[in-house]
Amino acid sequence: MPLLPGAEPFRRDGGEVGVLVCHGFTGSPQSVRPWAEYLAGQGLTVSLPLLPGHGTRWQDLQITTWQDWYAEVDRELRALTERCTSVFVCGLSMGGALALRLAAKHGDAISGVAVVNPANKVHDAAGPLLPVLRHLVRTTKGLTSDIAKPGSEEVGYDRVPLHAAYSVRRFFQQVDSELPGVTQPLLVMTSPQDHVVPPVDSERILSRVSSTDVRQTLLERSYHVATLDHDAERICQDTFAFITRLAPRAGADAAQEGTAASGGA
């Protein structure tokens, strides 16, 4: 199937510090591409994969599970760790849950975690009925484009296949049980006004991780897809500051990238 416009994966080779960026459920790389491109522009090595079943049509998502999505980001992480001396994981919504599971599973191989409106639970009242409901109803309405900024649109599906919704619910339960295994420095960026993932999910995550270096940023002007919203620049800047604090080499790579871009020696 042809990809939706903007759904292409993004990869950029840079310096010794690597970043894996994970998009959300029913979305695509387009929703977090400005984030990934900004970090790449600072001289970092960046990987933004397209999750299986995403970026084409909802029918393709219907036949995938959370194990497929996690396997994809796990492969990308392993490739980054082979190339880079320090690796950070980032994610939006379900992508944040993917990043947190990677952190719990890979330990010291990950230097830090930065997530935007990370999802921890399916809050829909029909959630507990999904084991049965998914066999009776194929889809429900989509989740994309919860954005305050006029004219900003998210590329994703306008329908949510219920088999995949059932799988993402089970994934969130799995990740919640693994959160105490997250020990890395953690940056959580949360929109108080989010119509997809309520702020209580961020609070739940913050209360369960074992990280001692924890920071939270409130994205007051943005809704769920804050990476395409009014606070997108702040997300980029806060993430890069978080990375350079923990991996000073990233700042040196950024300086080198700036020198190259200006034509200097």
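The structure we're discussing is the one just above.
Remember, predicted model here, so these are calculated numbers, not experimental data.

Calculation criteria
- Residues numbered from 1 in each chain as written.
- Predicted model: local features only at pLDDT ≥ 70, side-chain atom pairs only at ≥ 80, totals over all residues.
- Heavy atoms only, no water.
- Buried < 20%, exposed > 50% of the residue type's maximum accessible area, 1.4 Å probe, protein only.
- Helix = DSSP H or I, 4+ residues; strand = E, 2+ residues; numbered from the N terminus.
- Pairing = 2+ DSSP bridges.
- Right-handed = clockwise from strand over helix to strand, strands pointing away.
- Salt bridge = Lys/Arg side-chain N within 4 Å of Asp/Glu carboxyl O.
- Axes fitted to C-alpha atoms, helices over the stretch in contact; angles between N-to-C directions.
- Contact = heavy atoms within 4.5 Å.
- Parallel < 35°, antiparallel > 145°, perpendicular 65-115°, else oblique.
- Nonpolar A, V, L, I, M, F, W, Y, C, P; charged D, E, K, R; others polar.

**Things to note about the pairing of strand E8 (residues 186–190)**
Part 1: Burial of E8 is extensive: five of the five residues sit out of reach of the surface.
Part 2: The alternating pattern of E8 places Leu186, Val188 and Thr190 on one face and Leu187 and Met189 on the opposite face, and all of these are buried.
Part 3: Summarising the sheet, strand E5 (residues 112–116) and E8 pair through four bridges and their orientation is parallel. Its bridge partner being in E8, Val116 is matched across the sheet by Met189.
Part 4: Where E8 meets strand E9 (residues 214–218), five bridges bridge the pair, whose relative direction is parallel. For Leu187, the partnering residue across the bridge sits in E9 and is Arg215.
Part 5: Viewed along the sheet, the connection from E8 through helix H7 (residues 200–208) into E9 turns out right-handed.

**With respect to the pattern of salt bridges**
Part 1: Under the defined criterion, the tally for this structure stands at 13 salt bridges.
Part 2: A salt bridge links Glu72 to Arg75; its shortest N-O distance comes to 2.7 Å. Placement of both Glu72 and Arg75 in helix H3 (residues 66–83) is noted, with a separation of three residues, approximately one turn of the helix.
Part 3: Across the pair Glu178 and Arg101 runs a salt bridge whose closest N-O atoms are separated by 2.8 Å. Of this pair, Glu178 sits in helix H6 (residues 162–178) while Arg101 sits in helix H4 (residues 94–106), and the two are 77 residues apart along the sequence. The burial state of Glu178 is the same as that of Arg101; both residues are buried.
Part 4: Here the residues in one salt-bridge network are Arg101, Lys105 and Glu178, joined through shared partners.

**A closer look at the sheet that holds strand E4 (residues 86–92)**
Part 1: Strands sit in the order E1-E3-E2-E4-E5-E8-E9 across an open sheet of seven strands; the sheet is mixed. Taken across any chain shown, the strands that pair with only one partner, and hence form the sheet edges, are strand E1 (10–12) and E9. Adjacent strand axes in the sheet meet at a mean angle of 15°, parallel and antiparallel pairs treated alike.
Part 2: With respect to the sheet, H3 is in contact with E1, strand E2 (17–22), strand E3 (45–48) and E4, its orientation differing from that of E2 by roughly 170°.

**A closer look at the environment of Leu246**
Part 1: Residue position: Leu246 is located in helix H8 (residues 232–246).
Part 2: When the C-alpha atoms of Leu246 and Pro185 are compared, they prove to be 8.4 Å apart, with 61 residues separating the residues in sequence.
Part 3: If near-sequence neighbours (up to four positions away) are discounted, Leu246 is found in contact with Phe88, Ser111, Pro185 and Asp213.

**Focus: the packing of H3 against H6**
Part 1: Where H3 contacts H6, the two axes come as close as 9 Å, and the packing angle between them is 60°. Judged by the inter-axis angle, H3 sits oblique to H6. Judged by residue contacts, Trp66, Gln67 and Trp69 of H3 engage Ala164, Ser167, Val168, Phe171 and Gln174 from H6.
Part 2: In the contact of H3 with H6, the residues fall into five nonpolar, three polar and no charged.

No statement about biological role is implied by the geometric values presented.
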